[in-house]
Amino acid sequence: MSFSHLSHLDCSRCAERYDADEIHNLCVCGSPLLARYDLGSVTVGPADISGRPPTLWRYHEVLPVRERVISMGEGMTPLLPLPALGREFGVPGLLMKDDGLFPTGSFKARGAAVGVSRAAELGVRAFAMPSNGNASAAWTAYGARAGMRSVVAMPESAPLINRTESAITGSQLYLVRGHIGDCGQMIGALIARSNGELFDASTLKEPYRIEGKKTMGYEIVEQLGWRSPDVIVYPTGGGVGLIGIYKALREMRELGWLTGPLPRLVAVQAGGCAPIVAAFEAGATESTAWPNPKTVAFGITVPKPLGDFLILEALYATNGTAIAVDDTDTLATQALCARLEGTFICPEGAATLAAVRRLRDSGWIKETEEVVVLNTGSGLKYPAEVDVPTLDPGDRLG
């Protein structure tokens, strides 16, 4: 039995075909490459998968790694019912996929585990990337485990703990007085000067991060008994997870593991950085760079995603939508979730819950529908000050 049924790479725009056993970044046309599999040769089914260890590698036939798995036990995060928030929002069937429990504290470990594993398998020894924080925390950790050197450019305003995670794993970290786009330009220039020594691990500039992220879709469907929910709500910056979930859903339908209509996909952005929302509302197939991007949901501060056309394709194809929420709603919802459900989620995850409330209020989400939101990281990665009394010994409490 083949561990991976990887066949080749396709350009997501021009359909040019590439050999998957060679190192590639973008297509010659400048578009992301997508991994393709010989799905017709996959003979396992849901019953076989159910007996495997509870990691994302349980889906190894549809992952690109042939033999060198770099793992820290990632995958199969809980799909939590949110009954109190569901009552509050008028969505009794509200569920949260909690990827804040991953190694390095965010769902970026999915993409890093698969991306680093495949890069190591292909002979990559060093990589460079821009990051808003969580991606580099994951990639440098898995890179260290694989014995790789890494270089990262990160906005100076990124959360301190992400900076610490990247530096402590031995990465060559640079802080930039600018946004993720500025970091990307600097990393691109460095890679061009490296004479091939540095592999570009930027979002969607290598083909395999998306393959790790797509396991969110596989896990959600499996955890629901091999069926899909009505709606999946995803915090969208670079959008790799949303693109990956859509890819997973289509693969599962082709495999016969999933039947019926696909869930409606929702891209959630911040009011201070909403290029996908603007493009969706205009009926466009690509976005325009957002000027002066800023939001407390730092992970979705991406002014123009490289895969914007793939994000929009997924939204249009599933009758989904895109919505922006402001930072006030995001932070209030983060606190509400902690009070009512006991879960301290990241601002990006809280933005999805704020979006659910608005979509329910507008009638886009119906009371009877089952809705899955993605919490992409732990709230502990974004420490916030709380106002509590400070007493001297012997003072009276209450």
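Residues numbered from 1 in each chain as written. Predicted model: local features only at pLDDT ≥ 70, side-chain atom pairs only at ≥ 80, totals over all residues. Heavy atoms only, no water.

Participant: Would you mind going over the overall build of the protein with me for this structure?
Facilitator: The secondary structure content of the protein amounts to 13 helices and 13 strands. By its C-alpha atoms, the protein is 70 × 50 × 45 Å across when sized along the principal axes. Summarising the internal contacts of the protein: among those between residues at least 6 apart in sequence, 70% fall at separations of at least 24. Carbon and sulfur atoms form 51% of the exposed surface of the protein, whose accessible area is close to 16200 Å². Mean positive and mean negative side-chain charge positions of the protein (36 and 43 charges, respectively) differ by 1 Å. (Helix = DSSP H or I, 4+ residues; strand = E, 2+ residues; numbered from the N terminus. Contact = heavy atoms within 4.5 Å. Areas by Shrake-Rupley, 256 points an atom, 1.4 Å probe, with all protein chains shown as cover. Lys, Arg positive; Asp, Glu negative; His and termini not counted. Charge placed at Lys NZ, Arg CZ, Asp CG, Glu CD.)

Participant: What exactly am I supposed to notice about the packing of helix H3 (residues 108-121) against helix H4 (residues 134-146) here?
Facilitator: Packed helix pairs are specified by the crossing angle of their axes together with the interaxial distance, meaning the distance between the axes. Their axes nearest at 8 Å, the elements H3 and H4 cross at an angle of 40 degrees. By the angle between their axes, H3 is oblique relative to H4. Regarding H3 and H4, the two cross each other, and that crossing is right-handed. Residues Lys108, Ala109, Gly111, Ala112, Ala113, Gly115, Val116 and Ala120 of H3 lie in contact with H4, whose contacting residues are Asn134, Ala135, Ala138, Trp139, Tyr142, Gly143 and Ala146. Taken together, the residues of the contact of H3 with H4 break down into 10 nonpolar, 4 polar and 1 charged. (Axes fitted to C-alpha atoms, helices over the stretch in contact; angles between N-to-C directions. Parallel < 35°, antiparallel > 145°, perpendicular 65-115°, else oblique. Left-handed = near helix turned anticlockwise from the far one by under 90°. Nonpolar A, V, L, I, M, F, W, Y, C, P; charged D, E, K, R; others polar.)

Participant: Honestly, the pairing of strand S8 (residues 172-176) in this entry has me stumped. Any pointers?
Facilitator: Looking along a regular strand, one sees side chains alternate from face to face of the sheet. Across 5 bridges, strand S7 (residues 149-155) lies against S8 in parallel orientation. Opposite alanine 153, over in S8, you have tyrosine 174 as the bridge partner. Viewed along the sheet, the connection from S7 through helix H5 (residues 160-168) into S8 turns out right-handed. (Pairing = 2+ DSSP bridges. Right-handed = clockwise from strand over helix to strand, strands pointing away.)

Participant: Would you take a moment to explain the packing of aromatic side chains for this structure?
Facilitator: Aromatic rings considered in pairs are described by the distance between their centres and by the relative angle of their planes. Across all of its chains, the model carries 6 aromatic pairs by this definition. Both rings, one in tyrosine 59 and one in tyrosine 218, keep their centres 5.2 Å apart while their planes meet at 35 degrees; by these two values the pair is tilted. Here tyrosine 218 lies in helix H8 (residues 215-223) and tyrosine 59 lies in the loop between helix H1 (46-49) and strand S4 (79-81), a separation of 159 residues in the sequence. The aromatic ring of phenylalanine 309 is capped on one face by arginine 13, whose charged end is 3.9 Å from the ring centroid. Above the plane of the ring of tryptophan 364 lies arginine 264, whose end atom (NZ or CZ) is 4.3 Å from the centre. (Phe/Tyr/Trp six-rings, centres within 6.5 Å; stacked < 30°, edge-to-face > 60°. Lys NZ or Arg CZ within 6 Å of the ring centre and 35° of its normal.)

Participant: In this structure, what is going on with the nonpolar core? I would like to understand it.
Facilitator: Note that soluble globular proteins tend to have their nonpolar side chains buried in a common cluster. The biggest cluster of nonpolar side chains holds 59 residues, and the ones touching the most others in it are Met252, Trp257, Leu265 and Leu315. Considering each element in turn, this core owes the most residues, 9 residues, to helix H9 (residues 240-255). Beyond its immediate stretch of four places on either side in the chain, leucine 265 contacts Ile232, Leu242, Ile245, Tyr246, Leu249, Ala314, Leu315, Thr318, Gly320 and Thr321. Core analysis: the next-biggest nonpolar cluster, separate from the first, contains 30 residues, Ala120, Ala138, Ala201 and Tyr382 among them. (Core = buried A, V, L, I, M, F, W, Y, C linked by side-chain atoms within 4.5 Å. Buried < 20%, exposed > 50% of the residue type's maximum accessible area, 1.4 Å probe, protein only.)

Participant: Would you take a moment to explain the environment of glycine 272 for this structure?
Facilitator: Checked against the element boundaries, glycine 272 lands in the loop between strand S11 (264-270) and helix H10 (275-281). Relative accessible area serves as the criterion here: at 25%, glycine 272 is assigned to the partly exposed category. Considered as a pair, glycine 272 and proline 383 are 111 residues apart in the sequence and their alpha carbons are 21 Å apart. Those residues in contact with glycine 272 that lie beyond four places of it in its chain are Trp290, Asn292, Pro293 and Lys294.

Participant: Sorry if this is basic, but what is going on with the packing of helix H12 (residues 327-341) against helix H13 (residues 347-362) here?
Facilitator: Two elements in contact, H12 and H13, have axes separated by 8 Å at closest approach and are oriented at 95 degrees. Taken as axis vectors, H12 and H13 run roughly perpendicular relative to one another. On H13, the residues touching Asp329, Thr330, Thr333, Gln334, Leu336 and Cys337 of H12 are Pro347, Ala350, Ala351, Leu353, Ala354 and Arg357. Along the lines of polarity and charge, the residues of the contact of H12 with H13 split into 7 nonpolar, 3 polar and 2 charged.

Participant: Help me understand the sheet that holds strand S2 (residues 17-18) in this model?
Facilitator: Pairing between sheet strands relies on hydrogen bonds along the backbone, with the strands arranged either parallel or antiparallel. Strand order in the open sheet made by the 3 strands is S2-S1-S3, with antiparallel pairing throughout. Of all strands in the sheet, those with a lone pairing partner are S2 and strand S3 (33-37), marking the two edges.

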